[in-house]
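# Descriptive structure summary
Read off the chains here:
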Amino acid sequence: MAQLPTAWVQRRWLYQLGALRDALDQLGELHDHWLSVQEALPATAKPGTPAFDDALAEHHAESWSYLDDWATHGKALREIHTAARKARSAPSPTPQPAPTVRPAARKK
């Protein structure tokens, strides 16, 4: 975004990128927690058993709000990408010739 022309940057993108970053961080923490929960389950807890399925349902329930943030704000990534592509393909402004300065007429 820093390389985009200022007029092309949407102010909401900063908020949206922050929300996406925070959601991604939380999803990473939840995934790590899920891995530790899986290791703590008894060996008999396999997919399809109540112990496993209940733990997985809890994991999914905790993840939904962060996934919803991605569904809501993820379009900002596409918008930024589109703006960046347009900025790269936009022609550079043509330099304007310097104005000609004419000397003032002499009074006789």
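Let us look at the structure shown here. (Residues numbered from 1 in each chain as written. Predicted model: local features only at pLDDT ≥ 70, side-chain atom pairs only at ≥ 80, totals over all residues. Heavy atoms only, no water.)

## A look at the packing of helix H1 (residues 12-40) against helix H3 (residues 75-89)
When two helices pack together, their arrangement is given by the angle between the helix axes and by the axis-to-axis distance. Relative to each other, H1 and H3 sit at 130 degrees, their axes nearing to 9 Å. The orientation of H1 relative to H3 falls into the category oblique. Taken as a pair, H1 and H3 cross one another with a handedness that is left-handed. For the pair H1 and H3, contact is made by Arg12, Trp13, Gln16, Leu17 and Leu20 and by Lys75, Ala76, Leu77, Glu79, Ile80 and Ala83, respectively. Residue classes in the contact of H1 with H3 are distributed as 7 nonpolar, 1 polar and 3 charged. (Axes fitted to C-alpha atoms, helices over the stretch in contact; angles between N-to-C directions. Helix = DSSP H or I, 4+ residues; strand = E, 2+ residues; numbered from the N terminus. Parallel < 35°, antiparallel > 145°, perpendicular 65-115°, else oblique. Left-handed = near helix turned anticlockwise from the far one by under 90°. Contact = heavy atoms within 4.5 Å. Nonpolar A, V, L, I, M, F, W, Y, C, P; charged D, E, K, R; others polar.)

## Considerations on the environment of Ala87
Within the secondary structure layout, Ala87 lies in helix H3. You can call Ala87 partly exposed: its relative accessible area is 24%. A C-alpha to C-alpha distance of 6.5 Å links Ala87 and Leu4, two positions 83 residues apart in sequence. Among residues more than four places away in sequence, those in contact with Ala87 are Leu4, Pro5 and Trp8. (Buried < 20%, exposed > 50% of the residue type's maximum accessible area, 1.4 Å probe, protein only.)

## Concerning the pattern of salt bridges
In total, this model carries 2 salt bridges according to the counting rule given. Arg12 is paired through a salt bridge with Glu79; the nearest N and O atoms lie 2.8 Å apart. Separated by 67 residues along the polypeptide, Arg12 in helix H1 and Glu79 in helix H3 bring together distant segments of the chain. Residue class for Glu79 comes out partly exposed when judged on its relative accessible area of 25%. Note that Asp22 is salt-bridged to Arg21, the shortest N-O span being 3.4 Å. (Salt bridge = Lys/Arg side-chain N within 4 Å of Asp/Glu carboxyl O.)

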